Amino acid sequence: MSHSPLLQARQITKAFGGLVALKETSFSISRQEILGLIGPNGAGKTTLFNVIAGAFTPDVGTILYEGGDITNMGPDRRCQLGIARTFQITRPFLNLSLVDNVTVGAYFGKKRGNLQAAKKRAAEVLEFLSMGDLRHQEAKQLSIGNRKKLELARALATNPKLLLLDEVMGGLTPTEAAEMMEIIRKIRETGVTIMMIEHVMKAAMGLSDRMLVLHYGQVIAEGTPAEIAQNPLVIEAYLGGMKHA
Amino acid sequence: MDIQNQQTVKRKKSFFQNETGLMWQSKPFLYTAGIVLLLALPLLIKNSYTLHILILSLLFAVLALSWNLLVGYAGIFSFGHHAFFGLGAYVSALGSMKLGISPWLGLVLGGLAAALAGLVVSLPVLRLRAAPYIAIVTLAFAEIIKLVASNLVDLTRGELGLNGIESFDKIGPISFTLAHRENSYYLILLIMLLTVFVIYKIMKGPTGFALKAIRESQDAAESLGVNVTRYKLFAFVVSSCLAGVAGSFYAHYIHTLTPTSVMNIDVMMQILVITLIGGLGTMIGPIVGSMVLVIGLEYMRFLGDYRMLIYGALLVVVILFLPEGFMRKLFPKAKEL
């Protein structure tokens, strides 16, 4: 069981008009690993997330989750199966309090919920992210760093098996980023599988067990952080190759 | 001190002990005071014209409350609410005139017909995410319903209208004819309180969380497991149903209907202005907005056409300076119902 991948994407292609964002992309993620997804801007990382989370349906290809085909399933159903995500551009429920924000995830992330239990769980998750004292504030009063944490809190409240983190370090102060790394490690320790898009290399390299490099919608490299750091294709994709240097 | 007194003291204390620390802003106080005032009004006001205005303002409160469920709570910008009102009115009126169905049953039928229409309209509407498109589709739907009512001359007599629609049947000694307006007042007050109750129950439960989440961000709501389509559909159907019930009441209270009187765009405008002035996404806003606006407009009749000018100016001022509506300014806690 533990050898079968949690999620498998097979030959995913997704085009927006003439722009092919993902081109026959395949990868898989094993249980309890942290998979880092990197790549230059416009490489298709967020598109890949949207396809996994169900916001987009791929034009071609299939997505298997725990062995079942979820390619045509909506995001809400996928969430209930255990796939949760955060958004790169945070989408807090601005006019709701933090605890209400998180309660939405805690209640609807399960097939059958209980509102009181969900509220309790929401408070616990906020406490876990050390935002307990902010719980009655409205989301619109939050700083960027706390908004990123709120995104994470909501996703976490759904009790995910697979957590998709889209640049949760972006815009954080060094202290906040260090705290966020610690939180991600703690989440993994609870048995959650994590896939993260990250531009902050220190975080991506430091946290990932394995990394996937996307370039023009294709996987150009895959391996441990150390392997990736030395891969000539990756260096070329990021730095533009020796010729131009 | 007898027990009852002790209880009053205790309750008064809890009025003082709310989060804001102000008694007059506490929820139980507001609700109790409001209901007592509304119940007592017909005892204080014997003038039948004034009572008529109050009935209309309660009627518009029901319309504004139900529209607010869609727009203020769920964030679905429907501009076709008047169609559901008109539909409820026509179904109930025709049912009693052509088929001899009791107006009491008409209240239910009018609501059901509007709910069904709401279900049908919501199917194309829910595929749209941008507010302007939703507004246009719902507005067009309302126009279609109105045109159908105007042109089905054999059934509705078109713009000649339906006349002599029955009053609600007597319940024992309680009659609902124009000579007994106070009873109609209590009937519409009951409908309004039921509307408040239904919306309150919805908003306090999980559905309320789902609707507010959808209003704030559909993508995020969906990503957290909310079945966006199902909850939007629910809001649309409930909102339409309540408007239909209001329509049925209107038909049997006014006794005459024309497509223009119930389904013209100005009915929608009035619902919109009431809700915006009172405060979108609050429970008390649409009620107070309706009182202020319907009564205000009525007593500005001596100004002739200028009253619409004042109406417009008031709306502009509110949107510019009080975008959250009066009630949120007066009662910062009003948002939490």
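Just above, that's the structure.
First, a word on what this report is: a plain description of the structure on this page. (Residues numbered from 1 in each chain as written. Chains lettered and ligands numbered in written order. Predicted model: local features only at pLDDT ≥ 70, side-chain atom pairs only at ≥ 80, totals over all residues.)

### Concerning the overall build of chain B
Next, step 1: Counting its secondary structure elements, chain B contains 16 helices and zero strands.
Next, step 2: Counting the 337 residues in chain B, one finds 45% classified as buried.
Next, step 3: The long-range share in chain B, meaning contacts at least 24 apart out of those at least 6 apart in sequence, stands at 75%. (Helix = DSSP H or I, 4+ residues; strand = E, 2+ residues; numbered from the N terminus. Buried ≥ 20, exposed ≤ 12 C-beta atoms within 10 Å, placed from the backbone. Contact = placed C-beta atoms within 7 Å.)

### Some remarks on the interface of chain B and chain A
Next, step 1: Facing the 18 residues of chain B at the interface are 24 residues of chain A.
Next, step 2: At the level of elements, helix H9 (206-216) and helix H10 (218-223) of chain B are the ones that each hand at least two residues to the side of chain B that touches chain A.
Next, step 3: With six residues, the single largest contributor to the side of chain B that touches chain A is H9(B).

### Re the sheet that holds strand S6 (residues 83-85) of chain A
Residues and elements named next belong to chain A.
Next, step 1: The mixed open sheet is built from six strands, whose spatial order is S6-S7-S8-S3-S9-S10. Looking at strand neighbours, the two that pair on one side only are S6 and strand S10 (218-223), the edges of this open sheet. Sheet twist, expressed as the average angle between the axes of neighbouring strands with direction ignored, equals 20°.
Next, step 2: Summarising the sheet, S6 and strand S7 (residues 162-166) pair through three bridges and their orientation is parallel. Bridge pairing in S7 links Arg85 to Leu164.
Next, step 3: The strands that helix H1 (residues 45-53) touches are strand S3 (34-38), S6, S7, strand S8 (193-197) and strand S9 (210-215); relative to S7, the one it contacts most, it runs at about 150°. (Pairing = 2+ DSSP bridges. Axes fitted to C-alpha atoms, helices over the stretch in contact; angles between N-to-C directions.)

### A short note on the packing of helix H5 (residues 103-125) of chain B against helix H11 (residues 228-254) of chain B
All names here are of chain B.
Next, step 1: With their axes 7 Å apart at the nearest point, H5 and H11 run at an angle of 145° to one another. Viewed along their axes, H5 and H11 form a crossing whose handedness is right-handed.
Next, step 2: Among the residues forming the contact of H5 with H11, the class breakdown is 14 nonpolar, eleven polar and one charged. (Left-handed = near helix turned anticlockwise from the far one by under 90°. Nonpolar A, V, L, I, M, F, W, Y, C, P; charged D, E, K, R; others polar.)

### Some details on helix H4 (residues 115-128) of chain A
Next, step 1: Across its 14 residues, H4(A) extends 20 Å between first and last C-alpha, which sits within 8% of the 20 Å expected from 1.5 Å per residue.
Next, step 2: Buried residues along H4(A) sit in contact with helix H3 (98-108) and helix H5 (144-157) of chain A. (Expected span 1.5 Å × (residues − 1).)

### What to know about the sheet that holds strand S1 (residues 7-16) of chain A
All names here are of chain A.
Next, step 1: In spatial order, the strands read S2-S1-S4-S5; together these four strands make up an open sheet with antiparallel pairing. Here the strands that pair on one side only, and so sit at the sheet edges, are strand S2 (19-29) and strand S5 (68-69).
Next, step 2: Two elements, S1 and S2, share seven bridges in a ladder whose sense is antiparallel. Looking at the pairing, Ile12 lines up with Thr25 of S2.

### As for the pairing of S8(A)
Residues and elements named next belong to chain A.
Next, step 1: Of all five residues that make up S8, five are buried, and the element is covered over most of its length.
Next, step 2: Across the two faces of S8 the burial is the same, with Thr193, Met195 and Ile197 and Ile194 and Met196 all buried.
Next, step 3: Sheet analysis places S3 next to S8, joined by four bridges and oriented parallel. Following the sheet pairing, Leu37 is matched in S8 by Ile197.
Next, step 4: In this view, the connection linking S7 to its parallel neighbour S8 by way of helix H6 (residues 174-189) has right-handed handedness. (Right-handed = clockwise from strand over helix to strand, strands pointing away.)

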